Structures are given as C-alpha cells and as structure tokens.
Amino acid sequence: MIKPAGTPFDDSPEEILDFSLEEFETDYEVAPDEELCDEFLTECDAFFAPGGVLETNARSENLKCELRPQQRTMANAIADSLCRGEHLCVEAPTGVGKSFAYLIPLIYRAKRHCRPAIISTETINLQEQLITKDIPFLSRIMGFEIKASLAKGRRNYLCRRRLAMLSGEQKDMLLPNPSLVLDIERVLNALEKGSEGSKDDFSFRVDKEVWSLICCESGNCMKAKCPYFRSCCYFKARRQWEESDIIVANHALFFTDLAMRCMEGAAGALLPNYGAVLFDEAHSLEDSASSHLGVRLSRPLVVSMLNRIYNPDNAKGLLMRQGGISPELRGRVAEARDESYGFFAAFEELLRRNNESALEIVHPENFIDNLTPKLMRLASGLQNLADDEDEEDSSFKTEIESMISRCRETVDSLDAFMHRTIPEAVYYAEEDQGGVALNATPLNIAAILSDILFNQDFTVILCSATLTVRNRFDYFISRSGFSGRTLQLDSPFSPAQAKIRLIRNLPDPKSREYRDALADEIYSAVELTQGKAFVLFTSYELLRYCQESLRNDFLDHRWQLLAQGDGSSRFRLLQEFKEDINSVLFGTDSFWTGVDVPGEALSHVIITKLPFAVPSHPLIAARMRKIEREGGNSFSGYSLPEAVLKFRQGAGRLIRNKNDKGFITILDPRMITRSYGRMFLESLPYPSEII
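So, here's what we can say about the structure. (Residues numbered from 1 in each chain as written. Predicted model: local features only at pLDDT ≥ 70, side-chain atom pairs only at ≥ 80, totals over all residues. Heavy atoms only, no water.)

## As for the overall build of the protein chain
- For the protein chain, the helix and strand inventory stands at 25 helices and 18 strands.
- For 691 residues, the compact-globule estimate of 2.2 N^0.38 gives 26 Å, and the protein chain sits close to it at 27 Å.
- Structurally, the protein chain occupies a C-alpha span of about 75 × 65 × 55 Å along its principal axes.
- Considering only contacts in the protein chain between residues 6 or more positions apart, those separated by 24 or more positions represent 78%.
- Accessible surface, the protein chain: about 30,000 Å² in total, of which carbon and sulfur atoms supply 46%. (Helix = DSSP H or I, 4+ residues; strand = E, 2+ residues; numbered from the N terminus. Rg over C-alpha atoms; globule rule 2.2 N^0.38 Å. Contact = heavy atoms within 4.5 Å. Areas by Shrake-Rupley, 256 points an atom, 1.4 Å probe, with all protein chains shown as cover.)

## Re the sheet that holds strand β5 (residues 276-280)
- With parallel pairing, 7 strands are arranged side by side in an open sheet as β3-β4-β2-β5-β10-β1-β11. Looking along the sheet, the strands with just one partner apiece sit at the ends: β3 (148-150) and β11 (485-488). The mean inter-strand angle of the sheet, taken between neighbouring strand axes irrespective of direction, is 15°.
- Helix α11 (residues 251-264) rests against β2 (117-121), β4 (246-250) and β5 of the sheet, and its axis sits at about 100° to β4. (Pairing = 2+ DSSP bridges. Axes fitted to C-alpha atoms, helices over the stretch in contact; angles between N-to-C directions.)

## Structural notes on the state of the cysteines
- A full pass over the atoms with the stated rule returns 0 disulfides.
- Take C216: it sits in no disulfide, and the sulfur closest to it among the cysteines is that of C221, at 5.1 Å. (Disulfide = S-S within 2.5 Å.)

## Some points on empty space enclosed by the protein
- Tallied over the entire structure, the rule returns 3 cavities of 30 Å³ or more.
- What the largest cavity holds in volume is close to 140 Å³.
- Put simply, the parts of the chain that give the lining of the largest cavity at least two residues each are α6 (160-167) and α10 (233-242).
- Residue composition of the lining of the largest cavity, by class: 12 nonpolar, 1 polar and 4 charged. (1 Å grid on protein atoms, 1.4 Å probe; cavity = no way out; pocket = protein on both sides within 12 Å on 5 of 7 lines; lining within 4 Å. Points joined across faces, edges and corners; volume = space filled by probe spheres on them. Nonpolar A, V, L, I, M, F, W, Y, C, P; charged D, E, K, R; others polar.)

## Here's the deal with helix α3 (residues 69-84)
- Over its 16 residues, α3 extends 22 Å from the first C-alpha to the last, a length consistent with the 22 Å expected when each residue adds 1.5 Å.
- Of the residues one or two after α3, G85 is the one with positive phi, at around 70°. (Expected span 1.5 Å × (residues − 1).)

## Brief notes about the side chain of T665
- Relative to the assigned elements, T665 resides in strand β17 (residues 662-666).
- Residue classification places T665 among the buried positions, given a relative accessible area of 0%.
- Only 2.7 Å separates the side chain of T665 from the side chain of H604, close enough to count as a polar contact.
- Discounting residues that sit within four places of it in the chain, T665 has contacts with R501, I503, A525, H604, V605, I606 and I607. (Buried < 20%, exposed > 50% of the residue type's maximum accessible area, 1.4 Å probe, protein only. Polar contact = N/O pair within 3.5 Å; in protein donor to acceptor, adjacent residues only side chain to side chain.)

## Notes on unusual backbone geometry
- In this structure, N355 is a non-glycine residue whose phi angle is positive, near 50°.
- Looking at the element boundaries, N355 is found in the loop between α14 (327-353) and β7 (358-360).
- Although it is not a glycine, N471 sits at a positive phi angle of roughly 65°.
- Along the chain, N471 falls in the loop between β10 (459-464) and α18 (474-480).
- On the basis of relative accessible area, N471 is assigned to the exposed category, the value being 58%.

## Quick notes on the pairing of β4
- Counting buried positions over the 5 residues of β4 gives 4, a clear majority of the element.
- In this sheet, β4 lies alongside β2 in parallel orientation, the contact comprising 5 bridges. Looking at the pairing, S120 lines up with A249 of β4.
- Note that β3 and β4 share 3 bridges and pair parallel. Each residue of the ladder has a partner; that of S149, found in β4, is I247.

## Concerning the environment of E576
- Residue position: E576 is located in helix α21 (residues 570-579).
- Along the chain, E576 and A498 lie 78 residues apart, while their C-alpha atoms are 24 Å from each other.

## Regarding the sheet that holds β17
- Taken in spatial order, the 7 strands line up as β14-β15-β13-β16-β17-β12-β18 in an open sheet, and their pairing is parallel. Two strands in the sheet have a free side with no partner beyond their single neighbour: β14 (561-563) and β18 (688-690). Shown here is a sheet whose adjacent strand axes are inclined to one another by a mean of 20°, direction ignored.
- Relative to strand β16 (residues 604-607), strand β13 (residues 533-536) runs parallel, the two being bridged by 4 bridges. In the sheet register, A533 faces β16, and the bridge partner there is H604.
- Each of β14 and β15 (584-587) touches helix α20 (residues 540-556); the most contacted strand, β15, lies at about 165° to it.

## Focus on the side chain of S395
- Tracing the chain through its elements places S395 in helix α16 (residues 394-418).
- Of the residues examined, S395 reaches a relative accessible area of 16% and is grouped as buried.
- When residues no more than four places from it in sequence are discounted, the contact partners of S395 are R161 and M165.

## A short note on helix α15 (residues 371-388)
- Across its 18 residues, α15 extends 26 Å between first and last C-alpha, which sits within 8% of the 26 Å expected from 1.5 Å per residue.
- For α15, the complete set of buried residues consists of L371, T372, L375, L378, A379, G381, L382, L385 and A386.
- Each element contacted by the buried residues of α15 is listed here: α13 (299-309), α14 and α16.

## Comments concerning the packing of α13 against α14
- In contact at an axis separation of 10 Å, α13 and α14 are set at 175° when each is read in the N-to-C sense. The orientation of α13 with respect to α14, classified from their angle, is roughly antiparallel. Along the contact surface, α13 presents R299, V302, V303, L306, N307 and I309, while α14 presents V333, A336, R337, S340, Y341, F344 and E348.
- In terms of residue class, the contact of α13 with α14 is made up of 8 nonpolar, 2 polar and 3 charged. (Parallel < 35°, antiparallel > 145°, perpendicular 65-115°, else oblique.)

In structure tokens:
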C-alpha cells in the first residue's frame, strides 16, 4: 500500500471538513467537452496571435511584448489535450514563455468547467512568480478576475485553538523555554493586525519549537466543534482553494494528496476536486514521487513528538498540566524517549563503522526494535487518560488524542521499515540533521504513477526545459510512467549566444592531481569574464578545497567569492551575486536547477565534473540493480541519461533571455576522452572548442 512520506511529522494525512456545511458546499456542473472545444481552442489561439489579446494589451500597459511561435504552439497543444482528455508532455526550453502558455488554456478551461486546475511546481520561486506576477498580469489584460491561490500543507497555517491554549494558563507547562513567550506575543499581535495566519506571512521568524505547538495539524483538528472554527486560518485557506480557478501547489503537497485519495478516496483529499493538473519543472517527477510515496523516519522527529507529551529534561509538556499528570505515565514517555536514542544509535553506529553517509539495510531483523513496544505501551496509557478526561476540557483531550495517533503512526512506519512491507522498495539509513533517517523508497515509481496519476479522470500536463535525451522522450517516459502525447519545442534563442569551452590534457577526475589542476583551471576561466561566474560542483568536499585554494587569488582581483555552505541561504547568495556584478558563486546540487540570473551578472557557467549520481547511494544502486535484473544496462539506461539531463539543467543557467551571452566551460576531461562525451555536447545547441 502506498502511503505519504512516512511519518506523522510531514504533511500528515488530513481529513477534510464535512462538506455538508453550507460554506463548503460546491456544485460542479461540467459542460460537455464537445460543446466547448471549438470556442475554447479559438480563444487560446487568438490570445497569442499577432494583434491578439497578449500583444494588444501588453502594449496598452507600455510593456514590451515579443510574440513567440513556440509559446503559441505550446498553448494550442495544451488546449487540444484538455479538450481531448489526453495527457501531454512538453519540453519547453528557456525563453518559450511556458507559464503563459499553460496558464491561458488552464484559465479558460477552469472558467468553463467550474473546476480548478492544479499547477504543481518544485520551487518556491516559481510559485511566487505565478501568484504575484504572472496571474495578476493576465487578469488585467484579459479583463476578468482570475481567482488564484497558493496551497500549502496544513502545518504551514496557525491553529487559533492551540495558540489560545499556549497563551493561556498552560503556557508555562507547554513552552520549552520561558523566553519563547515573546514569539507567542508577536504572533498574537500579528493576528490582531490582520495576518492571515500563514507561517510565511509573518514578517518575523517564529521559533521552530513554538511553531510546532501552535500550527494546524490533522490529528488535533476539532473541525466544526472547534470554538475558533469560524476564524480558522487553515479552513479559510481551504475555502479560497475551493473558489479558485488556479491552485498553485508544490510537488510534495500534490503527491501527499494523491496518496490520500488512493487510500481513503475523496474523503482523504487535501486539495479540491480539480479537473486538470500541470506539473512545471516535471524533470523531478520521479524523485518527488519517490520521496513522498514511501516512508521516512528519524530520531529528531520521534523525540520531538515525545517531548511534546513530556520532556523530562525541563519538566514541560502536555502531561505537566495542573502540576503534572500520573508520574507512571510520564515515566512511560521517558522510557520511550530513551529507547528512541538507543534504537537509532544502532543505525548511526553502522554508518560510522562503515564510514558511509548512507547504507542499504537488507536485514532489518538484525536490529533490535524495543521502541515499538514502548510506543504502544505509551499510546495505551494516553488512551486511558483520554477516556477519563473531562469533556469540558476538549482542547486538552484533543491534543492527547493527537499524540495517540502520532504514536500509532510511528509504530506503523517502524513496522513498514523493520518488516519491509512496502513491495519493490529499497530500505536504507542515511545521515540526517546530525542523526540518521530510515527510508523505504519505492523503486517501481513508473508503475505506481501509471496507475494513480495517469489513469485518473483528469488530464495531466507535464512540462520542463529538460525532458529529452538525444531529442527523445523515451528515458523520461520509462522513469515516470507517462502515457500520452509528447511535444518538443525548439529554443527561441540563437546558438551564437554561447560557446562551450573544453579543456584538453586535464588529469582524470579520480586522480590526486585533479583537484589542483581543477583549481587552476577555475581561476583561468573566471579570469576570462572577470568574475560573473557560476562554478557548479558535484560534491561539497571538492567545493571546499577549491574555495580555500582560490580565496586569496580572488581577493587580489576583488572578485567576491560566494560559496554554498558558508551559512548564507540560497536566496541570500543569489541576491549578493546579482548585486556584485564581478562576484563568483560556488554551488552544488541546488544551484544546478531553478536559478534565474539574466544579464551580465552571470556570463560564465563553469561545470567542474559531469553530474553522474553517486552509484554507491542505496537508492541509486537499487535503481541500477533493478535495470540489470530486467535485462538492461544500468549505465546507458540510467546513469548516463540522468547525468545528461542534469548537465542540461546546469548549463541552462547561462542564457535566460535574447540579450544574454557567455561561456560554458567544462572541466571534466571525460568530455573529450570518453565516447559518451559526445552525448553531453549534443544535448546543448551551442558550438564548442577544445582549448
């Protein structure tokens, strides 16, 4: 059975309100597609046509509008798929204007069918662009209101009942530190001034522990019985989703919702009854689905749950109400907490002993699980407490019942991992936030998505700038389970805007000499553009070495060196990079994708190594073994195409508009010495030279 990523601590399965309540009633009257298709297709095409809505109204707003045939083709293909009820997969290179190309047909369809469309993205930046920029602009030029909302997981919203509980007489017993009272006061003040109660809306940072005590959660939601229901931040957001034409979500929320629909039907849904879903940044579809349709459990999350019940270190928690409840029950919490440290320590020791950051667990029966009986015993004691609880204090009883559910869900996750109950999955332990996380990740994602995503009554549109390998969708289709039509658009940019530089006679990347040679070549490449460069690494270790080697040289030239992992956020690093036009940014995985720096500030992308996934990682190794078992070649059938797609993503950071120009320097000698280097070169439209 598929379940959402694993634990009661992520976006847990959420029950929706009984929609018989008047304010949530929605009648869907869907007009037959055949009666609307001709008019629908005509409207979509006319929007992007010369002299059409986009060109005419953009000029009226004094905005430069450049009509792109690729954009019109993409919009028409999406409109046609929506009419036919057929799935569509589109590769739309940077510059096509894909957000408008999919928004227009989705908006026209939602208005006609009275059912919202979901747009699922990987990055926050794209979500914000759609909600704050693209959709408001389209609403102005189209002349009618486009109702759009940003959907977030329940835990992103404040629970007024829990806030009242924490700001009342119980706060001294529940707050882990008295100094955190200030956070509660600031939240209260923000609500009085009209805050919607979303975590991201607060202009200040709320302490993580405080937020875990006041956020909305499925297990302790009283729904219509809650005294604060009418002003509930979460259900207010849900009402906005129900009334929207377009709902923007992330892949995590979408897949959690999808898994719940499979397990519980519509009653378990988090998102409204949508009529179509579009995945932007669909190149990450397999990884997103894998991480949210499996199990993940870690010690910090288990301990955090137990500390909310009772923390023996500071005598805080729910069981300290009115001077403390049952020393025997508090003892059960302390025992479970101690056992959680011992249970996960065995996996931590395994990683340490093998000097690995991740290891497959083939025989979990070799590990002693005394945590499960401790949690079951605790849940039983909490159930007795809840049964004896006075109904007048329904808020406290609700919190206790929520903790009972959390304990049982944790036991279920432990059982899934320790008894390997998820079929066709890889089970592994990996380092996580100073501890260890246990994972059970499905390997048959293509088969799962073919069933639960592409075999439903809604149309699915997939789009990304990088979906093909050697101009074919075969690899992506084999990994995602997609079935439907495909469309590959050409780039609106000129191949003359960039040049690929290959460096001859570099040492093999596995040799000791490679690091020093790499640092020297990075310096030479950066000198070519006097900064203005992204240097993309495949490991933090190599990034750190080059950072230390080049720090003084960069200082001498007044090239500010920005490096991932130095304490600044990704957002802050990008802001500094854009503001200091001669700066250089060293980044790893997260900077290969989703970064948009148009103009002179980014004139050079330097790729240190071809981005082959680490074959020793349990998930990668298991995927490769599966291919070999099925008679395929794991290198040509997985490692190589995955690397090519990521390579295209990294190189794609350079040219973001028609005025951009620059260099892509590749410092991996395998581009020249290995036959597969040609595949990487052919994946980019730019001319190359060996230097």
